[in-house]
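One letter stands for each residue in the lines below.
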Amino acid sequence: MTAKTSSAETIALFDQYVIGNYRRYPICLVRGEGSRVWDAEGNSYLDLFPGWGCNILGYSPERVVSAVQQQAAQLIHVPNTWYTRAQGEFAEAICTRSFGKAFFCNSGAESIEAAVKLARLATAKEKYKIITFENGFHGRTFAAVTATAQPKYHDGFGPLVAGFTYAPHNDLEAVRRLVDDETAAILIEPVQGEGGINIPAPGFLEGLRQICDEHDMLLIFDEVQTCMGRTGFWFGYQTFGVQPDILTMAKGIAGGVACGALIAKEEIAPALRPGIHASTFGGNPLAMSAGLATIQTIEAENLLESSKMMSERFRQHFQQLQQELPIIEEVRVCGMMIGLELNIEAAPAVKKCLDRGLLINATHDTVLRLLPALNVTSEDVEEGCQILSAVLREMAE
Ligand SMILES: *Cc1c(COP(=O)(O)O)cnc(C)c1O
């Protein structure tokens, strides 16, 4: 064991050797368990935004830890020139809970790249355009960032990838106006995450499905944030009862281990033929066994059901708080996706919560975002709501 190092010592290493493309809190995290995480100084935090949504079971969930340990001792990496049991079993696990066949990669953006390529390959030759939505978020690689209809993410990167057009969220008529003979697909998050937990208006996703059916286009759901029980169902599309042709996953898919995936309907899956698309680390045994252990945990601990109950607690608490505090404009809740739209800047609330040992996120200037672990306990919910309420009351004064 090396001697314990302070957060300051670690920060000094970053200052010298790590490119500064992130704004970081001046805290070095060292260990976590459930929704709790500890820093190098021994302070503990309640994390209602664990791993930016990746830690869907909180920190170091037991089954995932032991699956990774066992797998690492057997085989860490095997390229896709071979078969591995873990990839077959994890593909079975996610496809039998959704549909079609799976392709594996390592991140959300990579899953979007695969979806865009597949959409162009699997539709008529003249079709290449993809319609996406304002305030959506699809990642940082070139196709994914072009699909992200937010100018702040495009600044300085032009020329972007050709063929993307943007519609306002929840506006079916605007989508219809954008469709032409060259449109291959519509790409949307079932619930916009980074955009502020924006829930689709009733009938909107159904309308998109209908437009796609009418024009031989594919409907792609970006479920990078909504997959794996996040919305109270295995997948966001099941929450809204609208079937996509392609679905992308990442973030929570493997309980915090880096992994991404695409699921495609049987009819279009063969368009991804040998040689046309690949990912060196995609579907590696470590990620696959972590993913399998994540699904086993959600099932063994009945987390789809219990997270729905916790979601209701959050909803009730924040709706009540909204009655009391006019700074809360809207409370948006879909399973373990929670957004509080404020009519003041949200970032100061995040800082005040941090000072009191609660970790949450601010997005889109005015939205407080919580992505609690599916196994968040009722005590965690109570404590988190108390701290956040106290902070918002203080800010409302
Ligand atoms: C986070 C996110 C992405 C990007 O995922 P990365 O793993 O960071 O590439 C894409 N789509 C959605 C909906 C996301 O929330």
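What you see is a predicted model, and the numbers here were worked out from it, not measured in a lab.

Some details on the overall build of the protein
Then comes step 1: A tally of helices and strands in the protein yields 12 helices and 15 strands.
Then comes step 2: Its C-alpha atoms give the protein a radius of gyration of 21 Å, near enough to 21 Å, the size a compact globule of 397 residues would have.
Then comes step 3: Within the protein, buried positions represent 53% of all 397 residues.
Then comes step 4: For the protein, the proportion of contacts with a sequence separation of at least 24, taken over those separated by at least 6, is 71%.
Then comes step 5: Counting every atom, the protein has about 18300 Å² of accessible surface; 53% of that belongs to carbon and sulfur.
Then comes step 6: The averaged location of the 47 negative side-chain charges in the protein is 3 Å from the averaged location of its 32 positive side-chain charges.

Notes on the sheet that holds strand S3 (residues 44-47)
Then comes step 1: Read across the open sheet, the four strands follow the order S1-S2-S3-S13; overall the sheet is mixed. Of all the strands in the sheet, just strand S1 (29-33) and strand S13 (358-359) have a single pairing partner and so form its edges.
Then comes step 2: Strand direction decides the pairing type here: strand S2 (residues 36-39) and S3, joined by three bridges, are antiparallel. The partner of Arg36 across the bridge, within S3, is Leu46.

Observations concerning helix H11 (residues 347-355)
Then comes step 1: Considered for burial, the residues of H11 that qualify are Ala349, Val350, Cys353 and Leu354. What you see down the axis of H11 is that its buried residues fit within an arc of 140 degrees, all on one side.
Then comes step 2: Contacts made by the buried residues of H11 are with S3, S13, strand S14 (361-363), strand S15 (367-370) and helix H12 (378-396).
Then comes step 3: Gly357 lies just past H11 and shows a positive phi near 85 degrees.

How each quantity is defined
Residues numbered from 1 in each chain as written. Predicted model: local features only at pLDDT ≥ 70, side-chain atom pairs only at ≥ 80, totals over all residues. Heavy atoms only, no water. Helix = DSSP H or I, 4+ residues; strand = E, 2+ residues; numbered from the N terminus. Rg over C-alpha atoms; globule rule 2.2 N^0.38 Å. Buried < 20%, exposed > 50% of the residue type's maximum accessible area, 1.4 Å probe, protein only. Contact = heavy atoms within 4.5 Å. Areas by Shrake-Rupley, 256 points an atom, 1.4 Å probe, with all protein chains shown as cover. Lys, Arg positive; Asp, Glu negative; His and termini not counted. Charge placed at Lys NZ, Arg CZ, Asp CG, Glu CD. Pairing = 2+ DSSP bridges. Arc of directions from axis to C-beta.

Any link to function would need more than the numbers given here.
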